[in-house]
Each structure stands twice: as structure tokens, then as C-alpha cells.
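# Structural characterization, general
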Amino acid sequence: MVYLLGEQLQETTTDYVLKNNTPAVFIVNETQYSDILKELKMSFEGERRIADVTFCKMETQQDCLYGTLSIPSLIDVVGLRYRLMIFINSKHIVIVDNNDFALRIIKDIRKKVFNQGDTKERFLFNFIVGFMNRGTNLLEDFERDLMVLDDDVIHDKDQDFQNRLMPIRKQLLILRNYYEQLADMFKELEEDENMLFSENQSRYFGVLTNRADRLLDKTTHLLEYSIQVQNAYHDKITAEQNNNMQFLTIISTIFFPLTLITSWYGMNFENMPELKHGYPFVIVLSIIVLTICIIIFKKKKII
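Cut-off values and rules
Residues numbered from 1 in each chain as written. Predicted model: local features only at pLDDT ≥ 70, side-chain atom pairs only at ≥ 80, totals over all residues. Heavy atoms only, no water. Pairing = 2+ DSSP bridges. Helix = DSSP H or I, 4+ residues; strand = E, 2+ residues; numbered from the N terminus. Axes fitted to C-alpha atoms, helices over the stretch in contact; angles between N-to-C directions. Contact = heavy atoms within 4.5 Å. Core = buried A, V, L, I, M, F, W, Y, C linked by side-chain atoms within 4.5 Å. Buried < 20%, exposed > 50% of the residue type's maximum accessible area, 1.4 Å probe, protein only. Parallel < 35°, antiparallel > 145°, perpendicular 65-115°, else oblique. Nonpolar A, V, L, I, M, F, W, Y, C, P; charged D, E, K, R; others polar. Patch = residues over 30% accessible without salt bridge, like charges linked within 9 Å, V, L, I, M, F, W, Y side chains within 5 Å. Areas by Shrake-Rupley, 256 points an atom, 1.4 Å probe, with all protein chains shown as cover. Salt bridge = Lys/Arg side-chain N within 4 Å of Asp/Glu carboxyl O. Expected span 1.5 Å × (residues − 1). Arc of directions from axis to C-beta.

### Examining the sheet that holds strand E2 (residues 10–12)
Pairing in this open sheet of 7 strands is mixed, and the strands run E2-E1-E3-E7-E6-E5-E4 from one edge to the other. Edge positions in the open sheet fall to E2 and strand E4 (57–60), since each of these has one partner strand only. Across the sheet, the axes of successive neighbouring strands diverge by a mean angle of 20 degrees, strand direction being ignored. The sheet contact formed by E4 and strand E5 (residues 65–72) spans 4 bridges and is antiparallel. Paired with Glu59 across the bridge in E5 is Tyr66. Here helix H4 (residues 120–132) sits on the sheet and contacts strand E3 (24–28), E5, strand E6 (81–88) and strand E7 (92–96); the angle it forms with E7, its principal contact strand, is near 25 degrees.

So, in C-alpha cells, the structure goes:
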């Protein structure tokens, strides 16, 4: 697909763009992009493949910019990635996509955005915002999930806590790395070493940098919150274990004198006092000792 840049993106053909040297956006797959780049006179070093795209970056080539995007899916942050390559020169943008992710974003732009891309800077801004803003809702979902977990810990509803928390933390770690990469990428666009962008249009990349930084801060905050929730859960488990140990210690302390008494009277010596009527005597003595221990513990507020 080829779109002419303008306030309204218009579908056109490669021949028309080459003939008139008109600013345009090309959406191509991996088998097509080499020929398109040659026709647009974009040269780059080395071989580029979608399969090699693992993170977001922007590199300065001799006469163009080369970028990659590895975008986590909202439905499967850990597993699924949308991988794109982008080539930019003074007039044209070539987006390499083996799926229809880029086309879906452009479709949304044409449906919802008033100024769809009268300049390549404006188009890049709209295109990036099209997938980056979706992460805001995802972060809000994670925040709600963490608040529910925190509340469950307080109200003793924390069954299967670790299995609920760890997937959230893993996804937040992936998103934090992703937003860090985006922020670096936008700063590279803002610096514009090849001077491919007009000075008054570069402000769009500054806006994108600020948005990426805000999303990064939000993700970092949620990671810190997840650690606080986990610490609260561990503190609760530790308190429960301490209470159990205290209870067992009290029980052991109370029954230790009784164990001593029964052991003593269980020796059955021939001349032992109270041997003849020892059984009722030991019962009464044990009850007295048990009562005294309980009174002492209650006065010391141990039980």
C-alpha cells in the first residue's frame, strides 16, 4: 500500500510517487522492501530481516534513518510481538511489516485523526501514538489488579497470591524495557543527525519522548507498588508464622511442668511418697500447676 502525505492520507501507486517524486508512505512486506528502497534511492548497510527485530531503536545511515519496532501485544505482553522495520529519507517513509499491524494503525488514523500526516513528522507522530497510547489502558488494568491483590492481602483472601502477582510483574518488566527503548528512539529522531526533518516539525518527537517518559515512570511506579504488595504479603506470612511459633512455645511451656510431674511419678519407686494414692494426687497437682501457668501468662499478656 502507498499513501500520499497530506492532511488526508490518499491511496496511490508506486509509479505515481516515483514519477512525481511526491512525499509518500509505503507499507510493504519483507520480500518487497529491497526493491522499493532501491527505487527510492535509500541505501543501507547490511542485511535486514524482520525476524532479527528484537527491540526498538533508530540508526543513522548514510542517506536515511533505519529503525526497528518490537511492540508487545496487549493480549500477550510476554509472548506476542509486532515487529516492524522503518526507513526514512527526506521525502519518503517505508514501513516493512509482514502482518497487517501497520495497515490497521493507518486505518485508525484515516478514520479518527483530522491532520493525518501533512508532513512526514506529523505522520510518524500519528503512527507512533496509534500504538503507544494503547499501553495506557493496559497499565491502568495492572494498577487495578495490584490494588485488588493488596486489598486481598489485608482481608485474608490471598490464596494463590504468587501465581497472581508474578505474571503482572513479568509483564511490567517487559513494558519498562520497551518504554526505555522508545524514549531512546525518540531522542534519536529529535537529534536528527542527517537533518531529514524540518526544525519546526521536530517538536513532535519531543512530545513523543515526554509521553514515553511518562509511561516509563508509570510502569516503574507500578513495579515498585508490586514490590510493596509482595512485601506486605511476606510480612503477613511472617507474622502468622511468629504467632504459630508463639502459640507452640506457650503450649510447650505450660505442659513442661506436667511432663516433669508425670515422669517423676511414673518411676514407681517402692518407697515413693503418695505411691498408694498417687494417681488422684498427680491429677490435682497437674491441674494446680496448669492453672498457675495460665494465670502467670495472662498477667504478662502472653496469652
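There's more to say after this.
### Comments concerning the nonpolar core
In this structure, Phe127, Phe131, Met132 and Leu182 are the most contacted members of the largest nonpolar core, which totals 62 residues. Looking at this core element by element, the count peaks at 13 residues for helix H6 (residues 161–191). Leaving out residues up to four positions away in the same chain, Phe127 has contacts with Leu84, Ile95, Ala102, Ile105, Ile106 and Ile109. Core analysis: the second largest hydrophobic core is formed by 19 residues, Leu4, Ile36, Cys64 and Tyr66 among them.

### What about the packing of H4 against helix H5 (residues 134–154)?
One way to put it is that H4 packs onto H5 with a least axis distance of 4 Å and a crossing angle of 20 degrees. When the axes of H4 and H5 are compared, the pair comes out roughly parallel. Here Gly130, Phe131 and Met132 of H4 come into contact with H5, specifically with Arg134, Gly135 and Thr136. Within the contact of H4 with H5, the residues separate by chemical class into 2 nonpolar, 3 polar and 1 charged.

### Describing a nonpolar patch on the surface
Side chains of Met245, Phe247, Leu248, Ile251 and Phe255 sit close together on the surface and give an oily, nonpolar patch of about 490 Å² of accessible area. In this structure, Ile251 sits in helix H7 (residues 203–265). For Ile251, a relative accessible area of 32% gives the class partly exposed.

### Looking at helix H3 (residues 101–112)
In this model, H3 (12 residues) spans 17 Å end to end at C-alpha, consistent with the 16 Å of a helix rising 1.5 Å per residue. All of the buried residues along H3 are Phe101, Ala102, Ile105, Ile106 and Ile109. Relative to the axis of H3, the buried residues are bounded by an arc of 135 degrees and lie together on one face. Exposed positions of H3 whose direction lies more than 90 degrees from the buried face are Lys107 and Lys111.

### Here we look at the environment of Ala102
The topology assignment puts Ala102 in helix H3. The class for Ala102 is buried, based on a relative accessible area of 0%. Separated by 74 residues in the primary sequence, Ala102 and Val28 place their C-alpha atoms 9.6 Å from one another. When residues no more than four places from it in sequence are discounted, the contact partners of Ala102 are Ile27, Ile95, Asp97 and Phe127.

### A short note on the side chain of Gln230
With respect to the helices and strands, the residue Gln230 is situated in helix H7. We classify Gln230 as buried; its relative accessible area is 13%.

### Some remarks on H4
An α-helix turns once per 3.6 residues; consequently, residues spaced three or four apart project the same way. For H4, with 13 residues, the first-to-last C-alpha span of 18 Å sits near the 18 Å given by 1.5 Å per residue. Counting buried residues along H4, 12 of its 13 residues qualify, which places the element largely inside the surrounding structure. Turning to H4, its buried residues are Lys120, Glu121, Arg122, Phe123, Leu124, Phe125, Asn126, Phe127, Ile128, Val129, Phe131 and Met132.

### Structural notes on the pattern of salt bridges
As enumerated under the stated definition, the model contains 8 salt bridges in all. Put simply, Asp52 and Arg49 hold a salt bridge, and the shortest N to O gap is 3.1 Å. In this structure, Asp152 and Arg164 form a salt bridge, with 2.7 Å as the shortest nitrogen-oxygen distance. Residue Asp152 is located in helix H5, and its partner Arg164 is located in helix H6; the two are separated by 12 residues in the primary sequence.

Keep in mind these values describe shape, not function.
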